[in-house]
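# Commentary on secondary and tertiary structure
Now for the letters of each chain:
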Amino acid sequence: MSIEEQIKTLKKERQAIILAHNYTMADVQDIADFVGDSLELSRKAAECHAPVIVFCGVRFMAETAKILSPESIVLHPNPHAGCPMADMATASAIQEYKKTHAGTTVVAYVNTMAETKTAVDICCTSGNAEKVIESIPPEKDILFLPDRNLGANLSAKLGRKMDLWAGFCPTHNKIMPEHILHAKALHPQAVVMVHPECLPAVVQLADKALSTGGMLRFARESDAREFIVGTECGILHRMRKENPGKVFHPLEPAVVCPNMKKITLEDVLFALQDLEPRIELDDATISAAKGSIDKMLEIVP
Ligand code: 13P
Ligand code: SF4
């Protein structure tokens, strides 16, 4: 039996569902039941009620699945797949900030660890951040964390002043305006899509700044035939599969999130065999972190 067939058989036996982020390896995306962005994956985890969820993505995403589906066994096939940006804001640092900023609403990008989410007021993803910010009364001060680029891009778009944490995504932060200008010179007809984790100077050069799910939707619905894709290159697999008549150009050099590439088909098979490694969170963390995620899901159904 091929590894894919073994996974399929075991998945049935375990009554498991495999969720994968748009940046994971192509073969992992291909065996998943559902591939999506952070928001879509959170929603899927909340509604799936599967006894076992195999989460192929970085740790904070698997933690979010556990928080939203605490009765499920949530397997994270490679425990070394973390998100460096998620480690840039800790609960204790936020508590420290709050001591001198009473009354400030703390908005956390979902790219944060579970413990960090216990110290914030509301979460958002790149797919719903604008609506989340708009839901906060204009007279309220806002701290946005951990991504200073996403925060600055939102601030500019919505005309809303916010305090910004000093975090960033090491993968998207490396994309420079010159990379976009070079791609535009090579493909002058192409529409430029970038992720809002990119530097504001990069977002300003793009036609669209969208979540990964938003980019996939836009690529499907747009009349354009050619696109420059300013985000992690794993998304190209799904883009090309879903749009055989359209052309997608990656940036040069390739944009890679090494952590998203850590989960292999073998890891998925072993996780299903052993029912390990699991995401374990204590009840207090789950219920405190769930509050900020639920608030986000309520605002943007
Ligand atoms: P999306 O929510 O847009 O999929 O982004 C997740 C992420 O980690 C981007 O770097
Ligand atoms: Fe984290 Fe950046 Fe990788 Fe997304 S691309 S998981 S933000 S390191």
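The following paragraphs examine the structure supplied in this document. On a predicted model such as this, the values are computed, not experimentally measured, just so you know. (Residues numbered from 1 in each chain as written. Chains lettered and ligands numbered in written order. Predicted model: local features only at pLDDT ≥ 70, side-chain atom pairs only at ≥ 80, totals over all residues. Heavy atoms only, no water.)

This part covers the overall build of the protein chain. In terms of regular secondary structure, the protein chain is built from 14 helices and 12 strands. Taken over C-alpha atoms, the radius of gyration comes to 19 Å for the protein chain, in line with the 19 Å a tight globule of 301 residues would show. Taking the principal axes of the C-alpha coordinates as reference, the protein chain spans close to 55 × 50 × 30 Å. Counting over 301 residues, the protein chain shows a buried share of 55%. For the protein chain, the computed accessible surface area is about 13000 Å², with 53% contributed by carbon and sulfur atoms. One finds the centroid of the 32 positive side-chain charges in the protein chain at a distance of 3 Å from the centroid of its 39 negative side-chain charges. (Helix = DSSP H or I, 4+ residues; strand = E, 2+ residues; numbered from the N terminus. Rg over C-alpha atoms; globule rule 2.2 N^0.38 Å. Buried < 20%, exposed > 50% of the residue type's maximum accessible area, 1.4 Å probe, protein only. Areas by Shrake-Rupley, 256 points an atom, 1.4 Å probe, with all protein chains shown as cover. Lys, Arg positive; Asp, Glu negative; His and termini not counted. Charge placed at Lys NZ, Arg CZ, Asp CG, Glu CD.)

Residues in contact with ligand 1, as listed here, are His 21, Tyr 23, Asp 37, Ser 38, Met 61, Asn 111, Ser 126, His 172, His 195, Glu 197, Ser 211 and Thr 212. Glu 197 is positioned such that a nitrogen or oxygen atom in its side chain is 2.9 Å from an oxygen atom of ligand 1. Contact distances for ligand 1 include 2.6 Å between an oxygen atom and a side-chain N or O atom of Thr 212. The protein chains hide 96% of the 300 Å² of surface that ligand 1 would expose on its own. Taking a 2 Å distance to the grid points as the criterion, the majority of the atoms of ligand 1 fall inside the second largest pocket. Across the shell around ligand 1, the residue classes break down as two nonpolar, eight polar and two charged. (Near = heavy atom within 4 Å. Polar contact = N/O pair within 3.5 Å; in protein donor to acceptor, adjacent residues only side chain to side chain. 1 Å grid on protein atoms, 1.4 Å probe; cavity = no way out; pocket = protein on both sides within 12 Å on 5 of 7 lines; lining within 4 Å. Sits in = over half its atoms within 2 Å of the grid points. Nonpolar A, V, L, I, M, F, W, Y, C, P; charged D, E, K, R; others polar.)

In this section: the site of ligand 2. If you check the shell around ligand 2, you find Tyr 23, Val 58, Cys 83, Pro 84, Met 85, Asn 111, Cys 169, His 172, Glu 197, Cys 257 and Met 260 and nothing else. Under a 2 Å grid-point criterion requiring more than half of the atoms, the pocket assigned to ligand 2 is the second largest pocket.

This part is about the nonpolar core. Counting residues in each nonpolar core, the largest one holds 47 residues, and the members touching the most others are Phe 55, Phe 60, Val 107 and Phe 144. The dominant element in this core, judged by the number of residues it contributes, is helix H4 (residues 59-68), at six residues. When residues no more than four places from it in sequence are discounted, the contact partners of Phe 55 are Leu 19, Leu 41, Met 61, Ala 62, Ala 65, Val 74, Leu 75, His 76, Pro 77 and Ile 263. Formed by 21 residues, the second largest nonpolar core is a distinct cluster that contains Val 54, Cys 56, Leu 75 and Ile 263. (Core = buried A, V, L, I, M, F, W, Y, C linked by side-chain atoms within 4.5 Å. Contact = heavy atoms within 4.5 Å.)

Sheets are built from strands paired through backbone hydrogen bonds, the pairs being either parallel or antiparallel. What the four strands build is an open sheet, ordered E10-E9-E11-E12; its pairing is parallel. Of all strands in the sheet, those with a lone pairing partner are strand E10 (208-209) and strand E12 (247-250), marking the two edges. Sheet topology note: the strand E9 (residues 191-194)/strand E11 (residues 226-230) ladder contains four bridges and is parallel. Residue pairing for E11: Val 194 is matched across the bridge by Gly 230. This element, helix H11 (residues 212-221), spans E9, E10, E11 and E12 of the sheet and lies at about 160 degrees to E9. (Pairing = 2+ DSSP bridges. Axes fitted to C-alpha atoms, helices over the stretch in contact; angles between N-to-C directions.)

For the rest of this paragraph, the subject is the sheet that holds strand E8 (residues 163-164). Strand order in the open sheet formed by four strands is E6-E5-E7-E8, and the pairing between neighbours is parallel. For this open sheet the edge positions go to strand E6 (122-124) and E8, each flanked by a neighbour on one side alone. Across two bridges, strand E7 (residues 142-145) lies against E8 in parallel orientation. In the sheet register, Leu 143 faces E8, and the bridge partner there is Asp 163.

Attention now goes to the packing of aromatic side chains. In the structure shown here, the tally under the stated rule is two aromatic pairs. Taken together, a centroid distance of 6.2 Å and an interplanar angle of 85 degrees make the contact between Phe 218 and Phe 227 edge-to-face. On the basis of an interplanar angle of 15 degrees and a centroid distance of 5.1 Å, the ring pair of Phe 227 and Phe 248 is categorised as stacked. Here Phe 227 is found in strand E11, whereas its partner Phe 248 is found in strand E12, with 21 residues between them in sequence. When its relative accessible area of 0% is taken as the criterion, Phe 227 is described as buried. Overall, the relative accessible area of 3% leaves Phe 248 in the buried class. (Phe/Tyr/Trp six-rings, centres within 6.5 Å; stacked < 30°, edge-to-face > 60°.)

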